[in-house]
Amino acid sequence: MRGAVQGVGFRPAVYRLATEMGLAGWVINTPQGVTIEVEGTAAVLGTFLQRLEADRPPRSSIQGVETSYLDPTGCSGFEIRHSDAAGAKTAIVLPDIATCPDCLSEVFDPANRRYRYPFTNCTNCGPRYSIIDALPYDRPNTTMRAFAMCQQCRCEYEDPRDRRFHAQPNACPECGPRLELRRADGGVVAIADEALIAAARAIAGGTTVAVKGIGGFHLIADARNHDAVRRLRAGKHREEKPFATMFPSVASVRDVCEVSPVEERLLCSPEAPIVLLRRLELAQVIAPSVAPGNPYLGVLLPYAPLHHLLMAELGFPAVATSGNLSDEPICTDENDARHRLAGIADLFLVHNRAIARHVDDSIVRIMAGRELVLRRARGYAPMPQQIPGGTEPVLAVGAHLKNTVAIATGNQVFTSQHIGDLETAEAYAAFEDVIGSLTRMYDVEPRRVACDLHPDYLSTRYAFRSGLAVTPVQHHYAHVLSCMAENDLAAPALGVAWDGTGYGLDGTVWGGEFLRVSQHSFERIAHLRSFRLPGGEKAVREPRRSALGLLFEALGSDALDRMDLAPVNAFPKEDRETMRAMLQAGLNAPLTSSAGRLFDAVASLCDLRHVSRYEGQAAMELEFALDGRTVMDHYPFSIGTGTPAIIDWAPMILSLIEDLRRGATHGAISAKFHNTLVETIVSVTRMAGLERVVLTGGCFQNKYLCERAVDRLTGERFNPYWHRRIPPNDGGIALGQIMGLLRGTN
Ligand code: ZN
Ligand code: ZN
Ligand code: FE
């Protein structure tokens, strides 16, 4: 049996069923999955197989079953054999699983021997991906190898009727990992339960505590305490980007946010991601500095016994942000954490179970009624994507921002957990580590490597230095292919790939692309009209630069003197003249067709944001300003007749400036702007004559844009597809690169 069949209580389930049915034989974990041999009459064996599929453990999933009949050997009894390490390693490593209800009730039961034990787990829950070094998933191959099980734990582990039978991280207060509370200088303040209580007391008193969790450190502070949160921001060098908040319970979330049934299910799911929830307008509980100016809050519930115990002790919502400095990967090692987080955290609640790899909290948003993963890590990685056919081992190194990597082997693609922006030495080191650990774990040696077309990305340079045959895959093509792979979609399809930046086939910056994907390649059939970005890269942080470039393109140089326009006003005269010179000469002012930059420009025109504090902020604020309930109309636009067809937004900008002059609300302008973009998608789709439309790229993290596009396309009888568990942003690029490489062309 292949699939998610290890670390989920699969063998005990087989054992119980075979014993109950009086069948003899054995079951064994192999690097490919689980092998079962059972002896009995053909009819009974048929029933056994049926019941096995029907009664499989809740967290398992079966991808394939191969059966064959052998001669009877006359064996008696049923046994669980020791794992077999031979052969190709294709078994699925499970993600880390949030604490199950059984373990939770034990942790809070004073009569239980695991009362208040923060490392309680069983075959239905607990760490997996974050503790495994190698396949098969057995204790010696995990970071639990450092702990010898006590008598009682060993009995549970060896008893097929026990919930902890072969639960690899099985532990108890007698034999398992232990908490310590340390100061930044390493001095121990308290141990075990006293450490937890002292940490909670410190947090309640306004201190930031670094807490070693499942896939790395969190920085935890009282989310109601404005000063504590501000100090945390200063320490992390994180100006305005929202912090995630952990709540003690779903009920406490309801005091602060709207929670729909599907959102509640996600919060309480085994994946236990951060869910972006709409805040209740009147709720004042959370300090404004947690998510400044943001109508959403990133909310998560406790997902390990340690968090459950801590949150029960606190009884109030706490900021639980990654233990890192801005843009660096999350800390996993205690010494590293005390070094890197010194000055941010005063205390460190740590334990002696090593973390094999960093795994951040995942972030999810509800999109068109179902989950959309924006950051894919804990709970989701490294679950594979099935692909048709088979492949020799290949590697994809992803893009530059929100980097992930992927390896494909056989008919599966394993996309790594979120690594981050490859902007710092630490992030680049993590990138190399993840490639190393993924290839080691699946014991594959990639023959070929796919990368972005951008020659200067560190990931691209890594690919060219690797000595492997390199296939560069165009960025937006990769976006579209990732969405097609996730939806199991065959060509032909129309890809709408809208994002901030991606290196185009013509060397310009693409980002507002319509790609017709055929059997083996793609054609850029349409794109947003290009404009120049004065200062190039600087425009990413300064929406006002995009706005000037846009105005220059639509209205000419005179527009840069119109002091009634907010972006013009947002520059001192001198800087404006520098921009004008760059735009006129086309120097240090690259052309872009980016939809993301168009969002930025409009946010600046509306005087919402001229300088961003984090990636995507201006576009998000434009989305937040939106009044989509009452405003249904859109601005004019035109589409050229050439190939590629140019979507001209200039009529929209003229009309939008007129709206601004008339004093129209931001809500109305933003809605009309979003509606216009959706209408361009509908128009190009009609023109392309393709039924299947794929919506991908970072812009489709925008709820209104994505949902309205889905509605309008469906209304016009097209079939729209969007992402679910693979992010629409650059976190999905690695999967798309694999698909591009396997198609063998750009
Ligand atoms: Zn459990
Ligand atoms: Zn024990
Ligand atoms: Fe992108």
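Residues numbered from 1 in each chain as written. Chains lettered and ligands numbered in written order. Predicted model: local features only at pLDDT ≥ 70, side-chain atom pairs only at ≥ 80, totals over all residues. Heavy atoms only, no water.

**Q** Explanation requested: the pattern of salt bridges in the structure shown.
**A** Within the structure shown, the criterion is met by 55 salt bridges. When the shortest N-O distance is used, the salt bridge between Asp55 and Arg51 registers 3.7 Å. The class for Arg51 is partly exposed, based on a relative accessible area of 28%. Between Asp361 and Arg378 there is a salt bridge, with its nearest N and O atoms 2.9 Å apart. With Asp361 in the loop between strand S14 (347–351) and strand S15 (363–367) and Arg378 in the loop between strand S16 (370–375) and strand S17 (385–396), this residue pair connects regions lying 17 residues apart in the sequence. This pair shows no difference in class: Asp361 is buried, exactly as Arg378 is. Within the structure, one salt-bridge network assembled from shared partners comprises Arg178, Glu180, Arg182, Glu334 and Arg338. (Salt bridge = Lys/Arg side-chain N within 4 Å of Asp/Glu carboxyl O. Buried < 20%, exposed > 50% of the residue type's maximum accessible area, 1.4 Å probe, protein only. Helix = DSSP H or I, 4+ residues; strand = E, 2+ residues; numbered from the N terminus.)

**Q** What exactly am I supposed to notice about the nonpolar core here?
**A** In globular proteins that are soluble, nonpolar side chains generally tend to be buried together. In terms of nonpolar packing, the biggest core is built from 137 residues, with Trp498, Phe514 and Leu695 touching the most fellow members. Among the nonpolar cores identified, the runner-up in size contains 37 residues, and Phe217, Phe247, Val256 and Ala287 belong to it. (Core = buried A, V, L, I, M, F, W, Y, C linked by side-chain atoms within 4.5 Å.)

**Q** I would appreciate a short explanation of the coordination of the iron ion (ligand 3) in the present structure.
**A** Each pair of donors in an ideal octahedron of six around a metal sits at 90 or 180 degrees, and each pair in an ideal tetrahedron of four sits at 109.5 degrees. At 2.1 to 2.2 Å from the iron ion (ligand 3) lie its protein donor atoms, namely His475 (NE2), His479 (NE2), Asp499 (OD) and Asp730 (OD). Coordination at the iron ion (ligand 3) is irregular: its four donor atoms span angles of 88 to 171° at the metal. (Donors = N, O, S within 2.8 Å, 3.2 Å for Na, K, Ca; no water. Tetrahedral: all angles 85-135°; square planar, octahedral: opposite > 155°, others 65-115°.)

**Q** Would you mind going over the packing of aromatic side chains with me for this structure?
**A** A ring pair, where both rings are aromatic, is described by two values, the distance of the centres and the angle of the planes. A complete count under the given rule lists 11 aromatic pairs for this structure. On the basis of an interplanar angle of 70° and a centroid distance of 6.2 Å, the ring pair of Tyr15 and Phe78 is categorised as edge-to-face. Taken as a pair, Tyr15 in helix H1 (residues 10–20) and Phe78 in strand S5 (residues 78–80) lie far apart in primary sequence, 63 residues in all. In this structure Tyr15 comes out as partly exposed when scored by relative accessible area, which is 22%. Residue classification places Phe78 among the buried positions, given a relative accessible area of 11%. Seen in terms of ring centroids, Tyr296 and Phe624 are 5.8 Å apart; in terms of plane orientation they differ by 35°. Their pairing is tilted. One end of the pair, Tyr296, is in strand S12 (residues 296–300); the other, Phe624, is in helix H19 (residues 617–625), and 328 residues separate them in sequence. Of the two residues, Tyr296 and Phe624, both sit in the buried class. In textbook terms, an aromatic cluster arises when at least three aromatic residues are bridged by ring pairs, as seen for Tyr428, Phe431 and Tyr462. (Phe/Tyr/Trp six-rings, centres within 6.5 Å; stacked < 30°, edge-to-face > 60°.)

**Q** What's the story with the coordination of the zinc ion (ligand 2) in this structure? I'm lost.
**A** Around the zinc ion (ligand 2), the donor atoms from the protein are Cys150 (SG), Cys153 (SG), Cys172 (SG) and Cys175 (SG), and they sit 2.2 to 2.3 Å away. Coordination at the zinc ion (ligand 2) is tetrahedral: its four donor atoms span angles of 104 to 116° at the metal. If you list the donors of the zinc ion (ligand 2) from N- to C-terminus, the spacing comes out as C-x2-C-x18-C-x2-C. Of the two residues, Cys153 is situated in helix H4 (residues 151–158) and Cys172 in the loop between H4 and strand S6 (179–183); the sequence distance between them amounts to 19 residues. Comparing Cys153 with Cys172, the two get one shared label, buried.

**Q** What's the story with the packing of helix H20 (residues 650–661) against helix H21 (residues 666–688) in this structure? I'm lost.
**A** The geometry of a pair of packed helices is captured by two quantities: the angle between their axes and the separation between those axes. One can describe the packing of H20 onto H21 by two numbers: an axis separation of 11 Å at closest approach and a directional angle of 170°. For the element pair H20 / H21, the angle class is roughly antiparallel. Facing Met652, Leu656, Asp659 and Leu660 of H20, the residues of H21 in contact are Ile669, Lys672, Phe673 and Thr676. Tallied by class, the residues present in the contact of H20 with H21 amount to five nonpolar, one polar and two charged. (Axes fitted to C-alpha atoms, helices over the stretch in contact; angles between N-to-C directions. Parallel < 35°, antiparallel > 145°, perpendicular 65-115°, else oblique. Contact = heavy atoms within 4.5 Å. Nonpolar A, V, L, I, M, F, W, Y, C, P; charged D, E, K, R; others polar.)

**Q** I keep staring at helix H2 (residues 42–54) and nothing clicks. Help me out?
**A** Since one α-helical turn is 3.6 residues long, residues separated by three or four positions face the same way. Here H2 spans 19 Å end to end across 13 residues, near enough to the 18 Å set by a 1.5 Å rise per residue. Those residues of H2 that fall on the buried side of the exposure criterion are Leu45, Phe48 and Leu52. Down the axis of H2, the sector holding all buried residues measures 50°, keeping them to one side. Among the exposed residues of H2, those oriented more than 90 degrees off its buried face are Ala43, Gln50 and Ala54. Buried residues along H2 sit against H1 and strand S3 (33–39). (Expected span 1.5 Å × (residues − 1). Arc of directions from axis to C-beta.)

**Q** What am I meant to see in the packing of helix H18 (residues 595–605) against H21 here?
**A** At their nearest, the axes of H18 and H21 sit 11 Å apart, and the two run at 160° to each other. As far as their axial angle goes, H21 and H18 are roughly antiparallel. Handedness of the H18/H21 crossing: right-handed. Seen from H18, the contacting residues are Leu598, Phe599 and Val602; seen from H21, they are Phe673, His674 and Leu677. (Left-handed = near helix turned anticlockwise from the far one by under 90°.)

**Q** Looking at this structure, I do not really get the environment of Leu626. What am I missing?
**A** For Leu626, the location among the structural elements is in the loop between H19 and strand S26 (638–639). With a relative accessible area of 17%, Leu626 lands in the buried category. Note: C-alpha distance between Leu626 and Ser670 (44 residues apart in sequence) is 5.1 Å. Setting aside its immediate chain neighbours within four residues, Leu626 contacts Gly667, Ser670, Ala671, His674 and Tyr704.

**Q** Is there a simple way to think about the side chain of His351 in this case?
**A** Following the sequence through the fold, His351 ends up in strand S14. In terms of polar contacts, His351 uses its side chain to reach the backbone amide nitrogen of Arg353, at 3.2 Å. When sequence neighbours within four positions are dropped, the list of residues in contact with His351 reads Phe119, Arg178, Leu179, Lys212, Gly213 and Glu334. (Polar contact = N/O pair within 3.5 Å; in protein donor to acceptor, adjacent residues only side chain to side chain.)

**Q** How should the sheet that holds S15 be read in this particular structure?
**A** As a general point, the strands of a sheet are linked pairwise by backbone hydrogen bonds and lie either parallel or antiparallel. The sheet built from 11 strands is open, its strands ordered S7-S6-S14-S8-S9-S13-S10-S12-S11-S15-S16 with mixed pairing. Of all strands in the sheet, those with a lone pairing partner are strand S7 (188–191) and S16, marking the two edges. Adjacent strand axes in the sheet meet at a mean angle of 35°, parallel and antiparallel pairs treated alike. In this sheet, S12 lies alongside strand S10 (residues 244–246) in parallel orientation, the contact comprising three bridges. Paired with Met246 across the strands is Leu300, a residue of S12. In the packing of helix H5 (residues 192–204) onto the sheet, contacts are made with S6, S7, strand S8 (209–212), strand S9 (217–222) and S14, and the angle to S6 comes to roughly 45°. Each of S12 and S15 touches helix H22 (residues 703–715); the most contacted strand, S15, lies at about 40° to it. (Pairing = 2+ DSSP bridges.)

**Q** Help me out: how do you make sense of the sheet that holds strand S18 (residues 406–415) in this one?
**A** Spatial ordering of the open sheet is given by S18-S17-S19-S20, a layout of four strands whose pairing is mixed. Looking at which strands have only one partner, the edges of the open sheet turn out to be S18 and strand S20 (469–473). Sheet twist, expressed as the average angle between the axes of neighbouring strands with direction ignored, equals 60°. For S17 and S18, the ladder comprises six bridges, and the chain directions are antiparallel. If you follow Thr391 over to S18, its bridge partner there is Gly410. On top of the sheet, helix H23 (residues 733–743) reaches S17, S18, strand S19 (448–452) and S20; it is set at about 95° to S17, its chief contact.

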